[in-house]
Structure formats: structure tokens, C-alpha cells
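# Understanding the architecture of this molecule
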Amino acid sequence: MTSEQRQNLQAFGDYVRKTLDPTYILSYLAPWLREDKMENIQAERNNKGPTEAASLFLENLLELREDGWFRAFLDALSQAGYSGLHEAIESWDFRKIEKLEEHRSLLRRLQPHFKATVVPTDILPEIAECLISQEREEILQICSNKGMMAGAEKMVECLLRSDKENWPKILKLALEKEENKLYELWTVGEGRKGVEMQDLENDSMETSDIQITYQEDPENLTLSENPRPPPEVPHTNLYSPLKPRNYQLELALPAKEGKNTIICAPTGCGKTFVSLLICEHHLKNFPQGQKGKVVFFANHVPVYEQQKAVFSEYFERLGYRVTGISGETAENVPVEQTIEKNDIIILTPQILVNNLKNRTVPSLSVFTLMIFDECHNTNKHHPYNMIMFNYLDQKLGGSSDPLPQVIGLTASVGVGDAKTTEEAMSHICKLCASLDASVIATVKDNLVELEEVVYKPQKFSRKVESRTSNEFKLIVSQLMRETECLAKNISEELGNLFQVQNREFGTQKYEQWIVGVHRVCSVFRMPDKEEESRICKAMFLYTSHLRKYNDALIISEDAQMKDALDYLKDFFNNVRAAAFDEIEQDLTRRFEEKLEKLESVSMNPSNENPKLRDLYLILQEEYHLNPETRTILFVKTRALVDALKKWIEENPALSFLKPGILTGRGKTNQKTGMTLPAQKCVLDAFRANGDNILIATSVADEGLDIAQCNLVILYEYVGNVIKMIQTRGRGRARGSKCYLLTSNADVAEKEEINIYKEKMMNDSIARLQTWDEAEFEKTVHRMQIEDKFIRDSQQKREPVPDKKNKRLLCGKCKALACYTADVRVVEECHYTVVGDAFKVCFMSKPHPKPKSFAGIEKRAKIFCAKQNCSHDWGIHVKYKAFEIPVIKIESFVVEDIATGVQKRYSKWRDFHFEKIQFDPTEMST
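Residues numbered from 1 in each chain as written. Predicted model: local features only at pLDDT ≥ 70, side-chain atom pairs only at ≥ 80, totals over all residues. Heavy atoms only, no water.

### Quick look at the sheet that holds strand E24 (residues 892-896)
- Pairing is antiparallel in the open sheet, where 4 strands are placed in the order E17-E16-E24-E25. If you trace the sheet from one side to the other, it starts and ends with strand E17 (816-819) and strand E25 (902-903), each paired once. (Pairing = 2+ DSSP bridges. Helix = DSSP H or I, 4+ residues; strand = E, 2+ residues; numbered from the N terminus.)

Here it is in C-alpha cells:
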């Protein structure tokens, strides 16, 4: 089993616990698990149930170190009948299982009625395929020994753990066939107002058994500590609203009065709940015959999912229709009809930007209220600002159409580049102008209550000394100098690029510089095309190796030397597995000559990183003082997340820590980020005390609902004042602490500047709140007019597509790949090449992670077929009935046929050529 598989199984463990009864597969794993371990798992199942047994089973499984157990586990799942779980683990894609959660919730709510009205022996033959064979036997046995109600209860328990994608549909058909009333209530999704609101007064329904209460995690909404008890009369009062705190009512007041408002309040105080109060007031107070329509914007998909769940839970019981559209679902959702049919729509903002642009949504007048989560992002070319440009054009253009009310939510409005309070006030006014806000709502009258709820952590800065000597860096730097020298000797002209002085290895500046060199080399031209190809390919290899060495030095600076060395060894293993030409052989030989020394240096205890020693001391001290400590450790990069997790797991003195990791979803350096279900699993495990330390990148500092913790550590991690307030705000428990750990004086100084800027921001807001409201609105209006004038004068025309045919050359060896005349656009964002000529230009290898997305099945990776090149060009997919290549523009150089001028593009949207849509008839000819 690879470390990635082990890590994934840990990350997705919650799905296994919710689905698997391990006693059904133990017999298949007898060669791998000791008899006493299996007996313990069986006992756990008998005493505490399948979830606890699955948890113990996973622990034992992950402790195995012998080769082959992971494949044996997958085979056991398949043989026992866990087809859905087997498929999900093999592809690490749990979306099908995740989609069942809504049906599970519905079944839990209907469980009392299911027990009372379903005869399990009647429907068991119809739903047999939804259950494991042992489950079917157990249900029949219980029916025989204990009666039908007990059997029905067991059937519900088994269905709640079913991994079969179609079990909800099969169950519905079985209920319909038996003419059971539950069939009519078996409805989830769009248009459902909640089972409770439909047929609960039917005489055949035992309503007294159905008690549905709404209870949100206090960390999520920070509600009253004593919420009202659940209602006792299910017929007339199924939903009991939760009591807001006084400071939440204070924050909501201007918005309830109909004013466009920016709500600025600390992380963890319940701004989401404030938005629920505003939304409910807005919808309930429309004149007779009119209806409100609310849109809530969430920047990131995990936040979107979180807020969609909260709004659905809160409002569907009030009879409102709630739905959501994100980039992942937009392709399959008719946006205009979805907005029209629902009362509350949760959106990622780019969806609305796209639909305003193509006129699917005619104007913002379709909404009556817009709520912007993390509204401080409303600047520059952010989608929030694109939406508000549309709003302001409508407002300032004299349109008679009504505009929606605007609410912004943030923990910090920031101060931009302000040096003085006056400049900070101007920055905040600019944000108000962008959001057309006339009020900044903060807590003033109920500060004491707020401070009792939101605890501001103590802040500590720890300046750590760097290693006194760093032989690892000396060796790698020598390899980098040799590589630079080889690159310089390839071509006199390109060699001049390496004459620049004062380049410091192992820095972000070096990374930026070498990327620039890489780009210049890739479009280098010569009359002799063979020579051009040779030189460009050589420079591609040299600059690629220099980037990897630089990455390793950055990892070594903040983590263990052996983590940096492992990074380099992985890279050279991949190099050997690819084309491995003479240059790569030479570079690999040079690395291998130093490998023994690098191994020795990296394993030497005296070379321990002082930062890690300090981190160790902080963790030891804090967990000694409070063993229940919960920590978020913020770091800069994904590589550092992995390195620190490994460091914790390998350190026996930190065995009390159970680390989870949380990273973004994007792709960097050929590594795919965490999927949404994986992020959800990690957050759930952290909330449920499964993990007591969460190692996270910036994805965790904004918007996500993360459980209360009492220790925040910023490990060489610093941003602007907004980021500082948000990361610090993750320490929500009483007596929280926040440590900044750095060896860089500039980082510590930047944090001090942020603390000063936070005070400046608070002073500026307080001064703006003393302004006369009319004066404030006048200032905001003047800024809006000025900005619109600048925007209109700078408005770019749509670029005219260049219709001239161009060549696409391999970005590594400059071999001709295809012509732009043969490129076709698939589903608006993918690019393929038609014609037989392209087929001989690439070779393919099975994709290591084949999967389907948006109607496209990813099957293989494609590479340049030229000898000793093998440059990654993209993927091979099945699209509808066609097998087609999908290429990525960053892998190519674009050459003008007439002039020979060459250019590189990192995104297709930046390349303005004539884009022809894919036509299936071309494939048939």
C-alpha cells in the first residue's frame, strides 16, 4: 500500500465507518488480521454496534505494514457484496455514497412509521439487491424470533448503511408496490418542503412517534446556549426557531430596516445565523401578493456546501424552497428555471457572473436580497465585484427596475495599503461603495455579551534561529550551480540569462526568476530548427531540475531534511521512468553521486530543524497543560502539510497527537488537491474529536465552519490584516492561544504591522459610524460615479479572434504537434484535436487515476511521441461515443506560421484564436 493510499483511507475513514459492518468481511482477511484482533472487532460489534466495530477495524487495518493487505481489503469488500464502497475506495471518489446522505436523513425521520407499517418479509425480495446477504439473513431471523417490528427496525439499520447507489429508488418502488403510505413521503431534493409538512395528519400515521427538532452545532452558528426545547405538538408547530443573542439582533437591525449593510464581526460569533435572521425577516415581510427571492454567495465550494445545508435545514421547515448551484453542478442545472422556482438560492458567484454575461439571467432585479459571504473580497476582478459592477451600472444608469438589498458578511474589512487612519477610512468607504452599503454594522451596545461568546486568543510570537550550519543546502546549492553552468554552456545567447548576480537558492525569488528563464527558453528561435529543438529541450530539462532543487531547499528550510531529500528522490524516480535521455542521465548521475552524503546529512540528529524543535516544545507544553487541547496548525504549502504530518506520526513523543490534514482542491505541480468529500471527512473527524490537530493551508482561514479549538499555530504563515484576523479567529475556545513561529524577522515584523493595522481598522470604522448617514451616502455615491467613469473609460473590447492558422509545438522539444485549424472546443472548456495526423504525434499510458467528470471519462495520459521527450500533453478521454485527446495549452508553444514568432499561454482563454466547436460529424468522416 502506498503512503497516499494509507492517507486517503484515513481521510475517507468516516465513509467506511458509516457503511461497513466489518464482521461481514473478517473471514476474508484472516491471513492479515490476528485471531485476537478479529475477536475484539466482533466483540465491539456485539457490544457497541457496527460503527464502533468499523472504527476499531480501520485502526487495526492501518497498523498493517505487510505488502498486499490493501488489495486484500478491496477484494474482501467485493466478495462480501460491498460494491459501492469498493468502487469508491478504488477511485477515491465518494460522491455516490455522499449523495445517499439526504435519503438516510429522510429514512431516520420516517423510522417510527417504517417500524409501524412495513412488513419486512413482504418487501425483502424487492430490495434484496440493496443489502448484503448476511443482512438479509439477519432480518429474516429477527422477524422470526422477535417479530415484524423488530425486523423492520433491523431493516432500517441495514438500509442506513447500504452503499448501493440505487437503494432509495428501489425502496420507493417496493413501498409503492405494497401500497404503503410511506411511498408518498419518500421524496427528497428540489421542491421538498419536508416530510413533516405533508401528510402528518393522516389517520394512519402515528404522529406522536415523530419528533423532529432543529439543532445546529454551536460552533457553526454560535446560537443561544439554551435553545428552546423541541415542540410537543407535531401537527401545528413542527419548527421552533432558535433564540438569537442580543448582539446578533444588534448586527441584524440595520439590514432588517432595509438598509444595505456590511456586517463586520469576529469569526465564531454566528454571522451565518445573523444572515438567517435577516433572510427570514425579509421573506416574511413582503406585501400581500409579492414574494422575495434571496441569493447567498459563497466563495469556495466547501463553504457553499456548508451554507446550503444550513439554509436548507433552517428554511425548508418554514415551507420555503432552498437550492444551490456551484461550478460542479451548474452544467446539469437549468439556472434560470432553478432561480425562478426557488425562494433561496445558494451560489458560487462565478455562476451568476456567467449567466448575467450570457443573459440567461436578464438582470439582478430577479432577486430581492443578495448576501455576500466574506464580502471583503469585493475588489478588482473578483466575481463579487463583477456582480456589483452589474448592480451599479443598473443603479447609475437610471434603470427603473428595482434593485435587491445588499448584505455583506466579514470578520474584517481590512485597510488595504493604508498608512494612516484617513487612508484606512477611504479604503473602507471604497468597499462600501462597491457593495452600495450605507451602514457598517458592528457590535457596540452588547460588547460584553459578545466577549463572553467569542474569546480573543492570547497572541505570542516565537523567533526561532535557523540552523547554524546547513550542509544539505551546501550540497544542493552546488548541484544547482553545476546545473546552471551546464545550461549556460548550451547556448551563448541563452547563457547570458544566468549572468544575473545575487540569486539566492531556496527562495521564492529564485523560483520566480527560474520560471521566467524557463519561459524565455521555451520560445527561443533559431534558423536551424533541429538545433532549436535540441537547445529548447535541454533548457527545459535544466530549468525543470533547478526548480525541483529550489523546491527541496524550501521544504528543508521549514521541515526535515529527509522530507526534502524524499521529494528529490521521488522526482528522479519519475525522471528515470520517462524518456531519460543523455542530459537527464547526466543530471541523475550527478545527483546520485551526492546521494549517499545527502542521506547521511539528512539522518544526522544534529541537523534537526530548530523550528521543529520549537514546534515540538509548544505542542508538548500545551497538551501537558490541557490534554483536551484542539489545534489548527497553519502552513504555507501542501508539501509542508504532508511533511509535518509525517514528522508528527514518526515522533514517538508526539504519539498523543492524531493529525488530520486540510488542503485546497486545486492542482499544483501535477498533484491534485483534496476532493470536497475528503475535506468534509477531515472537518467531521476534527469536530467529532477524531483528530486533535488539523494541519491546514489557507483553505481553512476563510469561511469554513471549523470546530472550536484552543490553540492556533502559524508556522511561517503570515498574510495581510484580514488573514491575520481570520486565522486567529479559529481559536474560539476560552483561554485560546495563538503562536506565530518564524525564523524570519520580516515575517515577525509583518505580523506586528498587521496588529497595528487591525487597531487602525477598528478606529476607522468607529469614526465612520459617527458620520451623518446622508454625508456617508453622499461620499459613497461620489466614489461609485468616479469608479464607473474609470471603468467605462478602461473597458476592454472583446479581443478579435486571430483567424490565421498557427502551429502548436511541443513545449519541451519543439516537435510539431498540430495546427490550430484542427483544434476543437468541447463543452466550452476542453480542447481536442481532430484528424489522423495528430494521432501519430502522441503516445498514451493508462491514467493512474481514471475517473469520470461532467460526462467525460478520463482514461489515459498522453505524451509527446518524439524519442527521448515524453512531455505531458494532456489526457485521453471517452466523450459520448468518441475516444478523443484533450490537450492543455501550457504544454505547448504557439508559433506564427508566417513570422515564426513563438508565444506561450498558461490558459486557453488567453489564447485568442478562432475557436471552432467540436462537431461529431467530423469524427465520422
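### Concerning the pattern of salt bridges
- Scanning the entire structure with this criterion turns up 63 salt bridges.
- Ionic pairing is found between Asp566 and Lys569, a salt bridge with its closest N-O pair at 4.0 Å. In this pair, Asp566 and Lys569 are both assigned in helix H27 (residues 561-577), 3 residues apart and thus about one turn of the helix distant.
- Residue classification places Asp566 among the partly exposed positions, given a relative accessible area of 26%.
- Between Lys611 and Glu716 there is a salt bridge, with the nearest N and O atoms lying 2.9 Å from each other. Placement of Lys611 in helix H29 (residues 610-625) and of Glu716 in the loop between strand E14 (711-715) and helix H32 (721-728) is noted, with a sequence separation of 105 residues between them.
- By relative accessible area, which is 6% here, Glu716 ends up buried.
- Linked through salt bridges whose partners overlap, the residues forming this network are Asp21, Arg45, Glu138, Lys154 and Glu157. (Salt bridge = Lys/Arg side-chain N within 4 Å of Asp/Glu carboxyl O. Buried < 20%, exposed > 50% of the residue type's maximum accessible area, 1.4 Å probe, protein only.)

### Remarks on the packing of helix H8 (residues 101-117) against helix H11 (residues 148-160)
- Packing of H8 against H11 leaves a shortest axis separation of 9 Å and a crossing angle of 170 degrees. By the criterion of interaxial angle, the relationship of H8 to H11 is roughly antiparallel. Between H8 and H11, the residues in contact are Arg104, Leu107, Arg108, Gln111, Phe114, Lys115 and Ala116 and Met149, Ala152, Glu153, Met155, Val156, Leu159 and Leu160, respectively.
- Looking at the contact of H8 with H11 residue by residue, the classes come out as 9 nonpolar, 1 polar and 4 charged. (Axes fitted to C-alpha atoms, helices over the stretch in contact; angles between N-to-C directions. Parallel < 35°, antiparallel > 145°, perpendicular 65-115°, else oblique. Contact = heavy atoms within 4.5 Å. Nonpolar A, V, L, I, M, F, W, Y, C, P; charged D, E, K, R; others polar.)

### Considerations on the side chain of Asp21
- Structurally, Asp21 can be placed in the loop between helix H2 (13-19) and helix H3 (35-48).
- Engagement of the side chain of Asp21 in a polar contact is seen with the side chain of Arg45, the distance being 2.6 Å. (Polar contact = N/O pair within 3.5 Å; in protein donor to acceptor, adjacent residues only side chain to side chain.)

### Points about the packing of aromatic side chains
- Overall, the coordinates contain 33 aromatic pairs when judged by the stated rule.
- Taken together, the aromatic side chains of Phe12, Tyr15, Trp69, Phe70, Trp92 and Phe94 make up a single cluster linked through ring pairs.
- In this structure, Lys845 is placed above the aromatic ring of Phe863, and the distance from its NZ or CZ to the ring centre is 5.1 Å. (Phe/Tyr/Trp six-rings, centres within 6.5 Å; stacked < 30°, edge-to-face > 60°. Lys NZ or Arg CZ within 6 Å of the ring centre and 35° of its normal.)

### What about the pairing of strand E19 (residues 830-833)?
- Of the two faces of E19, the one lined by His830 and Thr832 and the one lined by Tyr831 and Val833 are each fully buried.
- Two elements, strand E18 (residues 823-826) and E19, share 4 bridges in a ladder whose sense is antiparallel. Paired with Val823 across the strands is Val833, a residue of E19.
- Two successive antiparallel strands, E18 and E19, enclose a turn made up of 3 residues, where Glu827 displays a positive phi of approximately 55 degrees.

### Things to note about the pairing of E17
- Taken together, the 3 bridges between strand E16 (residues 806-810) and E17 define a ladder with antiparallel strand orientation. The residue bridging Leu809 from the neighbouring strand is Leu816, located in E17.
- Between E16 and E17, which pair antiparallel and follow one another directly, the connecting turn spans 5 residues, one of which, Lys814, has a positive phi of 70 degrees.

### Concerning the sheet that holds strand E8 (residues 458-463)
- The strand order E8-E15-E14-E9-E13-E10 describes an open sheet built from 6 strands, whose pairing is parallel. Unpaired on one side and paired on the other, E8 and strand E10 (659-662) mark the two borders of the sheet. Across the sheet, the mean angle from the axis of one strand to that of its neighbour is 20 degrees, orientation sign disregarded.
- In terms of strand pairing, E14 meets strand E15 (residues 737-742) through 5 bridges, oriented parallel.

### Concerning the side chain of His871
- Along the chain, His871 falls in the loop between strand E21 (856-864) and strand E22 (872-879).
- Judged by relative accessible area, His871 falls into the buried class, the value being 12%.
- Sequence-distant contacts of His871, that is, excluding residues within four places in its chain, are made with Phe540, Cys810, Gly811, Lys812, Ile862, Phe863, Cys864 and Ser891.

In short, the description is geometric, and any link to function would need to be established separately.
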